[in-house]
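What follows is each chain in one-letter form.
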Amino acid sequence: MLALLGWGCRAGTCGRAASGPGPLSEEERRAIPGVIAFISERADQKDVWLVKPSGEETQLTKSPGEDDFPAAPSPDGKALLVIAARMVNGFHLEQMRLQPLDGGEPVALHPPRARTRNPSWSPDGRWLVAESDARSFSDLVRLEPKAGTQEQPLTQVKEGCFEPAVSPDGREVAFVSSREGDPEIYVMKADGTDERRITAFHQEDREPRWSPDGQWLSFISNREGRERYFLVRPDGTSLRAVSGEATKLDERELAWSPDSKKVVFVERLPEAKSRLWVAAVDGGAPVALTDGRSRDDAPAWSPDGKYLVFVAERQGDVDLWLMRADGSGQTRLTTAKGPDWLPRWFVPR
């Protein structure tokens, strides 16, 4: 029994039962870089808030009648993309906005529409790629981050294209397309030309994400009868599962470390619980970071790769928690009544 409880955990690092010296000190938290954007439902709607690792909070959006979801921060660290959603005459409408972090008014990038989501920035911040139904069910468009911009269609596929991810050098875009009957991973040049298919399997392959050094793509697939994360080179070679034999159930919410050497992901557990794992990209057994006694989700790395923020349902509410990247020092970060979730960690300028 003891072996089962400790399976996958490194001594002194697995969850609350062995969190080493205890929660992070205030001095350590004040020294952690960056700020974390997140959704909070502490009011009657979903708004975007910011919280520093020290615990200082600021409300970023206040949109009566709308729900605001944080997307990717701009590469210059001066603004955050926000997806604003609302119901109008029974229709669900979404709008992508650039929200300045200095308190300025948000900039709407296009008129409200049924589908606009999953934006991915170019590394220089001059353009981004997103899903859009402006001309079809769901295709990819390229646009500049300013009001009234013209959207350049990159794909035109009636079955749909989804989940774009711009490569770290800005030259290519990875995405999902269902043109062959089931979702597969593709890569194209950033102008929409020279598509190449990366995966080919009669099940779903989704969520392509570049490693920060551009050497790998991660994606999730149900090709083994459960949701698992895989790694593949951008030319389609060296395909392998991330977790090896360590996990047995569905996986979700993978995030790359800033140095491209590790990934953290979630394993679903029975009774609506879940557990965080970290895996080295160059191989070896993954290590469990939390103990699986609660629901732990949505991990995100600190900009220096030394810490993680995650969502946990503990102590009677859904809050953001911090921990060191080895799983020690688990510390409750937000405490307001109402769920806090979907953290995005970045350095503002």
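Note: the structure precedes this text.
Residues numbered from 1 in each chain as written. Predicted model: local features only at pLDDT ≥ 70, side-chain atom pairs only at ≥ 80, totals over all residues. Heavy atoms only, no water.

Draft legend 1. Region of the structure containing the overall build of the protein chain. For the protein chain, the count of helices and strands is two helices and 28 strands. By the compact-globule yardstick of 20 Å for 349 residues, the protein chain fits well, its C-alpha radius of gyration being 20 Å. The buried share of the protein chain, reckoned over its 349 residues, is 53%. Of the contacts formed within the protein chain by residues at least 6 apart in sequence, a portion of 37% connects residues at least 24 apart. Carbon and sulfur atoms form 49% of the exposed surface of the protein chain, whose accessible area is close to 15900 Å². (Helix = DSSP H or I, 4+ residues; strand = E, 2+ residues; numbered from the N terminus. Rg over C-alpha atoms; globule rule 2.2 N^0.38 Å. Buried < 20%, exposed > 50% of the residue type's maximum accessible area, 1.4 Å probe, protein only. Contact = heavy atoms within 4.5 Å. Areas by Shrake-Rupley, 256 points an atom, 1.4 Å probe, with all protein chains shown as cover.)

Draft legend 2. Examining the nonpolar core more closely. In terms of nonpolar packing, the biggest core is built from 16 residues, with I36, V51, V309, L320, L322, L333 and W345 touching the most fellow members. Secondary structure elements with two or more residues in this core: β1 (35-40), β2 (47-51), β24 (295-301), β25 (307-314) and β26 (317-324). (Core = buried A, V, L, I, M, F, W, Y, C linked by side-chain atoms within 4.5 Å.)

Draft legend 3. Highlighting the sheet that holds strand β20 (residues 251-256). The sheet built from four strands is open, its strands ordered β20-β21-β22-β23 with antiparallel pairing. Two strands lie at the open edges of the sheet, namely β20 and β23 (287-288), each paired on one side alone. Here strand β22 (residues 273-280) pairs with β23 via two bridges, running antiparallel. Considered in β23, the bridge of W277 is made with A288. (Pairing = 2+ DSSP bridges.)

Draft legend 4. Spotlight on the sheet that holds β2. Taken in spatial order, the four strands make up an open sheet running β3-β2-β1-β28, and their pairing is antiparallel. Each edge of the open sheet carries a strand with a single partner, namely β3 (57-59) and β28 (340-346). When the angles between neighbouring strand axes are averaged without regard to direction, this sheet yields 25°. (Axes fitted to C-alpha atoms, helices over the stretch in contact; angles between N-to-C directions.)

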